[in-house]
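An overview of the molecular structure
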Amino acid sequence: MNQRSLLLLALMFFQLFSFLSLARSETDGSGIEGVISVSPAHGGPIRVGIPNSRPLANAEFAVTNEKSAVAEFKTDEQGQFKISVAPGHYQVSLKNKKGGIGRFGPFDVDVTARQFTKVEWMCDSGMR
């Protein structure tokens, strides 16, 4: 290979690397993290010394923008989650909810570049 071919090959690799870095950086360091709880946690009146909310454990949620679904996540045993998404405006709702009582979103959230938006969302179990 001559010098010109090597230079052209090096330039092509540089452009490919730059493209991949740019595509990856759209979500690197940005997203949503937080905890989702549900209340009331039990039926009947509020009882002294008994919490009226609990973490919403192992629940699957969908993240959508104005066009379509962009991501999904599942809360852990403490209702916590962390998901990487590109900067933008999103709505988060319980995945595959089919009617019934309770309100599990949608929750609106704005994500800015290079940071995770911290949230604490309370769902309504519908119990009274």
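Residues numbered from 1 in each chain as written. Predicted model: local features only at pLDDT ≥ 70, side-chain atom pairs only at ≥ 80, totals over all residues. Heavy atoms only, no water.

**Overview of the overall build of the protein chain**
If you tally the helices and strands in the protein chain, you get 1 helix and 8 strands. In sequence order, the secondary structure elements of the protein chain are arranged as α-β-β-β-β-β-β-β-β. Evaluated residue by residue, the protein chain yields a buried proportion of 27% over its 128 residues. Residue pairs in contact within the protein chain that sit at least 24 positions apart in sequence constitute 55% of those at least 6 positions apart. When the accessible surface of the protein chain is summed, it comes to about 8,800 Å², and 57% of that surface belongs to carbon and sulfur atoms. (Helix = DSSP H or I, 4+ residues; strand = E, 2+ residues; numbered from the N terminus. Buried < 20%, exposed > 50% of the residue type's maximum accessible area, 1.4 Å probe, protein only. Contact = heavy atoms within 4.5 Å. Areas by Shrake-Rupley, 256 points an atom, 1.4 Å probe, with all protein chains shown as cover.)

**Let's talk about the sheet that holds strand β7 (residues 107–111)**
Reading across the sheet, the 4 strands line up as β4-β3-β6-β7 and stay open at both edges, with antiparallel pairing between neighbours. At either end of the open sheet lies a strand with only one pairing partner, and these are β4 (69–74) and β7. Strand-to-strand, the axes of this sheet are offset by a mean angle of 30°, without reference to chain direction. When strand β6 (residues 88–94) meets β7, the two strands line up antiparallel, connected through 5 bridges. Paired with Val 92 across the bridge in β7 is Phe 107. (Pairing = 2+ DSSP bridges. Axes fitted to C-alpha atoms, helices over the stretch in contact; angles between N-to-C directions.)

**Some points on the environment of Glu 33**
Its place among the elements puts Glu 33 in strand β1 (residues 31–39). As for Glu 33 and Gln 80, which are separated by 47 residues in sequence, their C-alpha atoms are 7.5 Å apart. A distance of 2.8 Å separates the side chain of Glu 33 from the side chain of Lys 118, its partner in a polar contact. (Polar contact = N/O pair within 3.5 Å; in protein donor to acceptor, adjacent residues only side chain to side chain.)

**Focus: the side chain of Ser 39**
Tracing the sequence through the fold places Ser 39 in strand β1. Apart from residues lying up to four places away in sequence, Ser 39 is in contact with Asn 52, Ser 53, Met 122, Cys 123, Asp 124 and Ser 125.

**Structural notes on the packing of aromatic side chains**
A complete count under the given rule lists 4 aromatic pairs for this structure. An angle of 5° between the planes, with centres 4.8 Å apart, marks the rings of Phe 107 and Trp 121 as stacked. Taken together, the residues span a long stretch of sequence, with Phe 107 in strand β7 and Trp 121 in strand β8 (residues 116–124) at a distance of 14 residues. Taken individually, Phe 107 and Trp 121 each receive the classification buried, so the pair is uniform in this respect. Joined through ring pairs, the aromatic side chains of Phe 61, Phe 73, Phe 81, Phe 107 and Trp 121 make up one cluster. In this structure, Lys 82 packs its charged tip against the face of Phe 116, placed 4.5 Å from the ring centre. (Phe/Tyr/Trp six-rings, centres within 6.5 Å; stacked < 30°, edge-to-face > 60°. Lys NZ or Arg CZ within 6 Å of the ring centre and 35° of its normal.)

Fair warning: the whole summary comes from geometry, so function is off the table for now.
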